[in-house]
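Chain residues, written in single-letter form:
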Amino acid sequence: PGDSRVLTYGDLHREVQKFANVLKAQGVKKGDRVAIYMPMVPELAIAMLACTRIGAPHTVVFAGFSADSLRDRIVDVGAKVVVTADGGYRRGKALALKSAVDEAVAAVPAVRSVIVVRRTGEPVTMREGRDAWWHEVMESASASCPPAKLDAEHPLFVLYTSGSTGKPKGILHTTGGYLTHVAAATHAT
């Protein structure tokens, strides 16, 4: 409560381009998948838009899900990078997120990078060669990253069902289809 930040559209554009370059520096290419397991902070939207900018389909996993649920989604989508935070706040209490990511990716060798936003100051274990702090990798990232050219049917993101009645099912949204829906929704009367 009471925690706020202001980003202008210019600020957002700059941060998205910088994080897109961070992802590229981590080896993410068009078509590679990224899992995002974060609290509701501006970096969540920045990460989603950065993935979109370079054509890397992403999946956002609810930060309240367990390490097992997170692992299932990481494996199913084939994520190579996970973006997370040290922790998040829920009902005024700090909850650890990075430790859940560590547990989730322990048996997932395809995940080669974990990028961590410092949010709560929770103590975390950083694995050398895999983990990086968001603020450190953003320091030297270029603020210029041209958008990737994508087909209308290029995967934009995968959204999973809760999995409460069985294995979670991933729903693929395409770039053109999603943009068409957003355009229609903003012009609705």
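Everything below is about the structure shown above.
Residues numbered from 1 in each chain as written. Predicted model: local features only at pLDDT ≥ 70, side-chain atom pairs only at ≥ 80, totals over all residues. Heavy atoms only, no water.

Draft legend 1. Molecular detail of the environment of D32. Note on placement: D32 falls in the loop between α1 (9–25) and β1 (33–37). Of the residues examined, D32 reaches a relative accessible area of 7% and is grouped as buried. Sequence spacing of D32 and K169 is 137 residues, and the spatial spacing of their C-alpha atoms is 19 Å. With sequence-adjacent residues up to four places away left out, D32 is seen in contact with G27, A56, P57, K80 and R112. Of note is the side chain of D32, whose polar atom sits 2.8 Å from the backbone nitrogen of K29. There is a polar contact of 3.1 Å between the side chain of D32 and the side chain of K80. (Helix = DSSP H or I, 4+ residues; strand = E, 2+ residues; numbered from the N terminus. Buried < 20%, exposed > 50% of the residue type's maximum accessible area, 1.4 Å probe, protein only. Contact = heavy atoms within 4.5 Å. Polar contact = N/O pair within 3.5 Å; in protein donor to acceptor, adjacent residues only side chain to side chain.)

Draft legend 2. Main features of the side chain of T120. Mapped onto the secondary structure, T120 falls in the loop between β6 (113–117) and β7 (131–133). Assessed through its relative accessible area of 16%, T120 is described here as buried. At 3.2 Å, the side chain of T120 and the backbone nitrogen of E122 are in polar contact. Contacts of T120, omitting those with residues within four sequence positions, involve D86, G87, G88, Y89 and A94.

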